Amino acid sequence: MANIMIRKSDKGYVFYMPKRDIEDSIVSMEFDSPEKWGGEIKLGNGGIYYIEPQVAPERLPYSVRAKRIDGVE
Amino acid sequence: MGLLNREEAEALIQEVLEVYPEKAKKDRAKHLMVNDKTITQSKKCITSNRKSVPGVMTQRGCAYAGARGVVWGPFKDIIAISHGPIGCGQYSRGGRRNYFAGISGVDSFCDVMFSSDFQEKDVVFGGDKKLAKLIDEVEGLFPLSKALSVQSECPIGLIGDDIEAVSKKKAAEIGKTVVPVRCEGFRGVSQSLGHHISNDAIRDWILPARDGKLDEGTPYDVAILGDYNIGGDAWASRILLEEMGLNVVAQWSGDGTIVEIENTPKVKLNLLHCYRSMNYIARHMEEKYNIPWMEYNFFGPSKIAESLREIASHFDDTIKEGAERVIAKYQPMMDAIIAKYKPRLEGKKVMLYVGGLRPRHTIGAYEDLGMEVVGAGYEFAHNDDYDRTIKEMKDATLIYDDATGYELEEFVRQVKPDLVGSGIKEKYAFHKMGVPFRQMHSWDYSGPYHGYDGFAVFARDMDMTVNNPCWSMFKAPWQQEEVEAEQKVA
Ligand code: SF4
């Protein structure tokens, strides 16, 4: 589990992990509606992380705990 | 196209790697690459922010250096205490020439060194008492300081002193902010982690101080982040922003103050110059205070104009007009400078090896002068820096991460650039090789280089270095004759 921050850029969601200083685009997010948001997220570099599905944050950037499932760090 | 074609550049890297033992070679190979603009993710071809291989003479500093020297040092009214043995204080004597307006030792403390001078007995019995005493002494001698920060050096972390507790206690006693910074040199792989730790310390200990108590501010409030005012850089940047109608609330950290930090949460836009050392706090402010941030580049007229327009695009029409007005005002001056220096510098090749932002940020300024950057590298960059660099560099140029003294020398020997830009550690080695050299950390005691005024100085300095007559006198007279004789025979 690690803290990550999700931001919005003009090209979509951006993933950022402060501890390792990794920034990458999010190519897909399992749930992306106001009521259910999160789940499995895939990164541009092939990494896959998991965010507990939850109500979408009111405002981005938003810090949240995520679990690494697969891929490079 | 750079000086070499792709195959030649790859061959050069292979040749340089040849001398290493197998394991080191494998590791170093990952840190060197030939630029390929089609790559969107640097991570696939260059590894960065990894531990240096022992024995290869890295040029990096430590986390303490990044915290004390880079982030905390330039705040003028915060006394930065180097807590630990005296030697580390090498990084804290203002060698970076962070200019400030104020009276040194009275209300400004950038070039004064404060150290707790750890001795054996402090390591054995702990140094907390000494730190408390030091803070009392500092308070007595320099009452006009506005805050203190404690930068811990290696031994503090090793013996487990509790600088947080001392800082809290003393802060209450003297009524000033005291920030403990856990930046022991053994943390992380380079000075980069020191920047991160310092950003976090500011976030936790200073930034929230006026939460809920700040006034609205004007719609044009901005802050300059990551400009350390080396040779007056931040001043040369600030005047441009003010001329276009913006209100610069804070300078982080060159010529900055603690009040400016505390006031930053009211700005409408954070302007980030050195991305590497201050993106952390910009990201935090974006989340907590909803302040957007953007990177800008104030090196060379092309990039300045581009940046001014981009900054203005975040504001209303008055600012947009302001930006155009500023660009129009300075453009003739810039044209004159380019007309003067470009003929003297056109086509010259530059190799850079610097820190946080310069290997990519200065490319535009060199190109404005008709020069070409054929190699660039960083001491302590991360992948996101290389992502940005690949776009700026031409194809088939060299990119090197955490280069060793040997690699740099070898690259320069083979590529034969007309100018090398790097730091003091590299300077004399290249002078002895007869290669024109500029320090790109401290501007070689010149500056500013940011902004329009800075470009004038930059262009002059580059000309002065590259076209210095001394480079043609490199051979002793008797050797000169030999050379000429040989040429005659041939
Ligand atoms: S690594 Fe440790 S001992 Fe060395 S300069 Fe840095 S803080 Fe001091």
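Everything quoted here is computed from the prediction, not taken from an experiment.

A.B. asks: Could you clarify how one ought to interpret the pattern of salt bridges in this entry?
C.D. replies: The tally for this structure, following the rule as stated, stands at 39 salt bridges over all chains. A salt bridge links A:Arg7 to A:Glu23; the shortest N-O distance between them is 3.5 Å. One end of the pair, A:Arg7, is in strand β1 (residues 2–9); the other, A:Glu23, is in strand β3 (residues 22–32), with 16 residues separating them in the sequence. Between B:Arg182 and B:Glu164 there is a salt bridge; the shortest N-O distance is 3.2 Å. With B:Arg182 in the loop between β5 (177–181) and α8 (191–205) and B:Glu164 in helix α7 (residues 163–174), the pair connects residues that are 18 residues apart, well separated along the chain. Here B:Glu164 falls in the partly exposed class, since its relative accessible area comes to 24%. Via salt bridges that share partners, A:Arg7, A:Glu23, B:Arg283 and B:Glu286 belong to a single interconnected network.

A.B. asks: Please explain the sheet that holds strand β2 (residues 12–17) of chain A as it appears in this structure.
C.D. replies: Adjacent strands of a sheet form backbone hydrogen bonds with each other and so pair up, either parallel or antiparallel. Residues and elements named next belong to chain A. Pairing within the closed barrel is antiparallel, and its six strands lie in the order β1-β2-β3-β4-β5-β6. Across the sheet, the axes of successive neighbouring strands diverge by a mean angle of 45°, strand direction being ignored. Bridge analysis of β1 against strand β6 (residues 62–70) gives five bridges, and the strand direction is antiparallel. Directly across from Ala2, in β6, lies its bridge partner Ala66.

A.B. asks: How do you make sense of the interface of chain B and chain A when you look at a structure like this?
C.D. replies: Accessible area lost upon the coming together of the parts serves often as the stated size of an interface. The interface of chain B with chain A comprises 17 residues on the first partner and 14 residues on the second. A per-residue breakdown of the area chain B buries against chain A is headed by B:Lys43, B:Arg283 and B:Glu287, which together make up 44% of the total. The tally of links between chain B and chain A comes to two salt bridges. With its nearest N and O atoms 3.0 Å apart, the salt bridge here joins A:Arg7 to B:Glu286. Elements represented by at least two residues in the side of chain B that touches chain A include exactly α11 (275–289) and α16 (383–392) of chain B. With nine residues, the single largest contributor to the side of chain B that touches chain A is α11(B). A breakdown of the residues in the side of chain B that touches chain A according to their chemical character gives three nonpolar, six polar and eight charged.

A.B. asks: Just to check I follow, could you spell out the packing of aromatic side chains for this structure?
C.D. replies: What characterises a pair of aromatic rings is the spacing of the ring centres plus the angle enclosed by the ring planes. Considering all chains together, one arrives at 24 aromatic pairs over all chains under this definition. Relative to B:Trp252, the ring of B:Phe75 has its centre 6.4 Å away and its plane inclined at 65°; by these criteria the two rings are edge-to-face. Note that B:Phe75 is positioned in the loop between α3 (63–72) and β2 (78–83) and B:Trp252 in strand β7 (residues 247–253), a separation of 177 residues in sequence. Across the pair, exposure class does not vary: B:Phe75 and B:Trp252 are buried alike. Ring centres of B:Phe430 and B:Phe437 lie 6.0 Å apart, and the angle between their planes is 15°; this geometry places the pair in the stacked category. By relative accessible area, which is 2% here, B:Phe437 ends up buried. An aromatic cluster is built from B:Phe299, B:Tyr366, B:Trp443, B:Tyr449, B:Phe455 and B:Phe458, whose rings are joined through pairwise contacts. Across from the ring centre of A:Tyr13, 4.4 Å away, lies the NZ or CZ of A:Lys8, which sits over that ring.

A.B. asks: Help me understand a positive patch on the surface in this model?
C.D. replies: Together, B:Lys23, B:Lys26, B:Lys30 and B:Arg50 make up a positively charged patch on the protein surface. One can find B:Lys30 in the loop between α2 (22–29) and β1 (32–34).

A.B. asks: What should I look at first to understand the confidence of the model for chain B in this one?
C.D. replies: Reading fine detail from the predicted coordinates is not recommended where pLDDT is low. All names here are of chain B. Taken residue by residue, chain B gives an average pLDDT of 91. The fraction at 70 or more is 97%. Per-element confidence in chain B is highest for β5, whose mean pLDDT is 96, and lowest for helix α20 (residues 477–489), whose mean pLDDT is 70. What the predictor reports for the complex is a pTM of 0.91 with an ipTM of 0.84.

A.B. asks: Any chance you could explain the pairing of strand β10 (residues 349–354) of chain B here in plain terms?
C.D. replies: As a general feature of sheets, a regular strand has side chains that alternate between the two faces. Residues and elements named next belong to chain B. Judged by how many residues are buried, β10 sits mostly within the fold: six of six residues are covered. Burial along β10 is two-sided: the face carrying Lys349, Met351 and Tyr353 and the face carrying Val350, Leu352 and Val354 are both buried. Two elements, β10 and strand β11 (residues 372–378), share six bridges in a ladder whose sense is parallel. Among the inter-strand pairings, Leu352 is bridged to a residue of β11, identified as Ala376.

A.B. asks: I keep staring at the nonpolar core and nothing clicks. Help me out?
C.D. replies: Within soluble globular proteins, side chains that are nonpolar tend to cluster in buried spots. Residues and elements named next belong to chain B. Core analysis: the biggest nonpolar cluster contains 96 residues, and Trp72, Met244, Trp252, Ile311, Tyr366 and Tyr452 have the highest contact counts within it. Top contributing element to this core by residue count: helix α13 (residues 317–345), with ten residues. Leave out the neighbours within four places in its chain, and Tyr366 touches Val350, Leu352, Met371, Val373, Leu419, Met440, Phe458 and Met462.

The rules behind the values
- Residues numbered from 1 in each chain as written.
- Chains lettered and ligands numbered in written order.
- Predicted model: local features only at pLDDT ≥ 70, side-chain atom pairs only at ≥ 80, totals over all residues.
- Heavy atoms only, no water.
- Salt bridge = Lys/Arg side-chain N within 4 Å of Asp/Glu carboxyl O.
- Helix = DSSP H or I, 4+ residues; strand = E, 2+ residues; numbered from the N terminus.
- Buried < 20%, exposed > 50% of the residue type's maximum accessible area, 1.4 Å probe, protein only.
- Pairing = 2+ DSSP bridges.
- Axes fitted to C-alpha atoms, helices over the stretch in contact; angles between N-to-C directions.
- Contact = heavy atoms within 4.5 Å.
- Buried area = accessible area lost by both parts, 1.4 Å probe.
- Nonpolar A, V, L, I, M, F, W, Y, C, P; charged D, E, K, R; others polar.
- Phe/Tyr/Trp six-rings, centres within 6.5 Å; stacked < 30°, edge-to-face > 60°.
- Lys NZ or Arg CZ within 6 Å of the ring centre and 35° of its normal.
- Patch = residues over 30% accessible without salt bridge, like charges linked within 9 Å, V, L, I, M, F, W, Y side chains within 5 Å.
- Areas by Shrake-Rupley, 256 points an atom, 1.4 Å probe, with all protein chains shown as cover.
- Lys, Arg positive; Asp, Glu negative; His and termini not counted.
- Charge placed at Lys NZ, Arg CZ, Asp CG, Glu CD.
- pLDDT = per-residue confidence, 0-100.
- Core = buried A, V, L, I, M, F, W, Y, C linked by side-chain atoms within 4.5 Å.

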